[in-house]
Amino acid sequence: RRYMSTGAASVLAVALVLFLASGPSSSALGVAETNEVPLHHQSLAESKSIEMQVEYGEPSEEMKAYLADPVAYANEHPHEAERLHDERKAKRQAALREEYKKKREEILEALSETNRAKNVVIAILATIVVITVMIDLGASYVMKSCNDFSRPVVEILFKELTVLGCIALLVFMTVKTGFPQRISEAIFGTPSELVEMFDMAHVLIFLIIVLFVSMIALILWRFASFCEDWDGYELTAIDAVKQGKSLKDIQSLTFGIPPRPLPEEIKNYCTMRHSFLNPALRVSRHALDSSFRFSDYLRECTTHTFKEIVEVEPETWGVIMVLIVLSRFFMMIPHEDVKLAAFLSLGVGLLGVMILTRNKLLEIYMTLVRPNDTEDDNLPFYQQRHRAMVRASKGESKEKTWFDKMCNGDREPNAHESLFWCGASGPGFALHIIRTCSFLSAVYFAIFVFRFMPDMSHGIHTIMLMVLAIVCPSIMMYHYVPQVIKLYILTTSIEMMRRKHIIHEVEHHIRRHRRFFVHRLVHTLKGYARRILKADREGVSRDLETARMQEIKEVFDMFEVDCPTRPGVRYIPSHDVNNFFMQVGLQMDEGELKDLVQELGDGLDGIVFESTVDFLGGFSSSQLTDQMIDAVFVDIDRDNKNPHKKFDNEITEDEFCAKLSQINAFFGTKGHGGGAEQLIDWLDWAVVTHKINVANKTEELDGADGLEAHVTRVFTPQTFRALLKHGSNV
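The following refers to the structure shown. All of these numbers come straight from a predicted model, not from anything done at the bench. (Residues numbered from 1 in each chain as written. Predicted model: local features only at pLDDT ≥ 70, side-chain atom pairs only at ≥ 80, totals over all residues. Heavy atoms only, no water.)

**Section: the environment of Q181**
Along the chain, the position of Q181 falls in helix α9 (residues 179-187). Those residues in contact with Q181, other than ones at most four positions away along the chain, are V175, P191 and V195. (Helix = DSSP H or I, 4+ residues; strand = E, 2+ residues; numbered from the N terminus. Contact = heavy atoms within 4.5 Å.)

Structural data, given as structure tokens:
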């Protein structure tokens, strides 16, 4: 409704603009405005008839001789005649400019008093308001459409666009002071040359920012696939943990029947995750549990890295200042094709720098994931090598160079930092390379459009040079920059460079979502157990206290309305569900709200009171009774499709998950963050954290690559009761 009302207001504003711009007719005003239309032409006609008086001042003797006979004087004194002619021409042009300014001011002053001019002013202001509203709505739509992964980066980009707007305002105010016009007259002899250069520079800066934003958006799009790959690798790593694989066993992981080795990238990911959750050296007071989502941690690191990339630092501007100075020598090149070839060398240089950075980060990455060579030492390979180098250099007295002091200060780089260029400053230096090369690529493309695009008609050799000039930076931005950023994130987020603040953010996010998931699971199992026990729905006592029930009832009454499709039924529409849960003290994501509407709405586009109270009862008392748990266990065991496994006093993890997906479709949703994945994560967390002794069973299932070995957990009545008792305690 908001967008429809805004659109209607915009249409009315445009109609007002058109009405005001047309101006009132002379008959409507009752006044004959004879001076409105012909005023400009009349003033020009008058200006042509005016004899322009030029003040040349008191002529010198040379000037008198020149004016007496210009031809004869020019034959005798050609240089002096040319100088005198230029002096009179300059004075004549200055007088013409003054006359033009005077007439222009008179015309504008006369036009400003007309009704048409006043209407146009109002029309311009209304148009600006409409454009501002549309831009604001567009920005709000973009922010709402962004996910948590890209929203911080979009906020930084909006900040850069705000800076661009401040630059535009500064340029406008500077031009209005008249100072650039006076400088232009002093340098070029005309007041408009420098102003045009200001405008051209402003348009160039705007194009650079637009290209930079577009390239960052392209890289973000590429990174979405990288994050999906990490989510898939996370599931493989979790399966390896379930099978009890050690760090050395990960290198021999296989999949499919017959067994085939895993790709190296997946093995490296499993090695990184294993070392991250089980570091050789203690890096914090509390250890991370097995439910920690390493892929979510890398996703958050990616977001923070992109925020750092899009914020252009002073070092990057310093590099640009150096290039601006060098561009003066570029302007001295006489031939256009030579200029284009020199410009091409900049693109090749950027590509070369990015390839070198990629190779260095790849070398660091392979060193970090390389297993150690000794069986009795748990230290990673890079730490073993660093210790050996430190021991070998103990007897040597080596004075630090100025470069070492600048990079490392007074301390020595640790084993991880020593792998980078510049030691302790290596990660920052690598990030500076990524940021500067990306921004320079935007500058490169913008200058190419402004400077060389008009030369397309100079011949086939010029076109070939232009194609080469575009190819190198395009390959760099599309292929190498995403790879370099990915390697930078991996090499600066693990081992001795853990980002502790991001770890805390991910842990908080996991705990919050687990709490919500567990209460949702308890709500589903309670309803399932009641149906099994044939309990009367109305007779079941609420888990909420009477005071709490009354409070929720009052909040529900604030938002509930009559259902238009079911007479006599009252519900809260979907657009007010979030406000209702916030009033009762719960904050939920948009996806969680959509799932709850389907679960608690009884087929309506909203939520009804009875289902909502049952759901909120889980937040008051999350405990399931032993009778409920046993009833659920027996019912799942009885419904086993295999007749040989019915009433065998055990259920598998797959049977439990399948039954939950039948009861509530949420627990069957696939994909990252879906209910099925959250259920497996909760099972892993509950079994490992509460040390529930469950047996594993290997089954052969049909997969995409034929028969695959599948490991599932088996629960007995005792372990199933422990699972739900302890696992629901969050």
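So that's the structure; there's more coming.
**Examining the packing of helix α10 (residues 193-242) against helix α12 (residues 294-310)**
Running from N to C, α10 and α12 cross one another at 165°; their axes reach a closest spacing of 9 Å. When the axis of α10 is compared with that of α12, the two are roughly antiparallel. Of the two elements, α10 crosses α12, and the hand of that crossing is right-handed. For the pair α10 and α12, contact is made by F212, I216, I219, L220, F223, C227, W230, D231 and E234 and by F294, S295, D296, L298, R299, T302, F306, I309 and V310, respectively. Of the residues in the contact of α10 with α12, the class split is 12 nonpolar, two polar and four charged. (Axes fitted to C-alpha atoms, helices over the stretch in contact; angles between N-to-C directions. Parallel < 35°, antiparallel > 145°, perpendicular 65-115°, else oblique. Left-handed = near helix turned anticlockwise from the far one by under 90°. Nonpolar A, V, L, I, M, F, W, Y, C, P; charged D, E, K, R; others polar.)

**A few points about the side chain of T316**
Tracing the sequence through the fold places T316 in helix α13 (residues 314-331). Setting aside chain neighbours within four positions, we find T316 in contact with H432, R435, T436 and F439.

**Considerations on the packing of helix α14 (residues 336-368) against helix α17 (residues 426-452)**
Across the interface, α14 lies against α17 with an axial gap of 11 Å and an inter-helix angle of 160°. In terms of orientation, α14 lies roughly antiparallel with respect to α17. Crossing geometry of α14 relative to α17 is assigned as left-handed. On α17, the residues that touch E336, K339, L340, F343, L344, L346, G347, L350, V353, M354 and T357 of α14 are I433, I434, C437, L440, S441, Y444, I447, F448, R451 and F452. Each residue belonging to the contact of α14 with α17 can be placed in one class, and the counts come to 15 nonpolar, three polar and three charged.

**Looking at the nonpolar core**
Side chains that are nonpolar tend, in soluble globular proteins, to be buried together. The biggest cluster of nonpolar side chains holds 84 residues, and the ones touching the most others in it are F276, F292, Y297 and I485. Elements represented by at least two residues in this core include exactly α8 (151-176), α10, α11 (264-277), α12, α14, α17, α18 (460-491) and α19 (500-532). Sort the elements by how many residues they give to this core and α17 lands first, with 14 residues. With residues near it in sequence (within four places) discarded, I485 still touches I219, F223, T305, F306, I309 and I434. Grouped together as the second largest cluster of nonpolar side chains are 31 residues, L521, I636, C657 and F720 included. (Core = buried A, V, L, I, M, F, W, Y, C linked by side-chain atoms within 4.5 Å. Buried < 20%, exposed > 50% of the residue type's maximum accessible area, 1.4 Å probe, protein only.)

**Considerations on unusual backbone geometry**
Trans peptide bonds make up most of the peptide bonds, and negative phi angles are found at most residues other than glycine. Of note in the backbone geometry, C422 takes a positive phi value of approximately 70° without being a glycine. Mapped onto the elements of the fold, C422 is located in the loop between α16 (402-408) and α17. The backbone of E495 sits at a positive phi, close to 55°, despite the residue not being glycine. Following the sequence through the fold, E495 ends up in the loop between α18 and α19.

What is shown is where atoms sit, not what they do.
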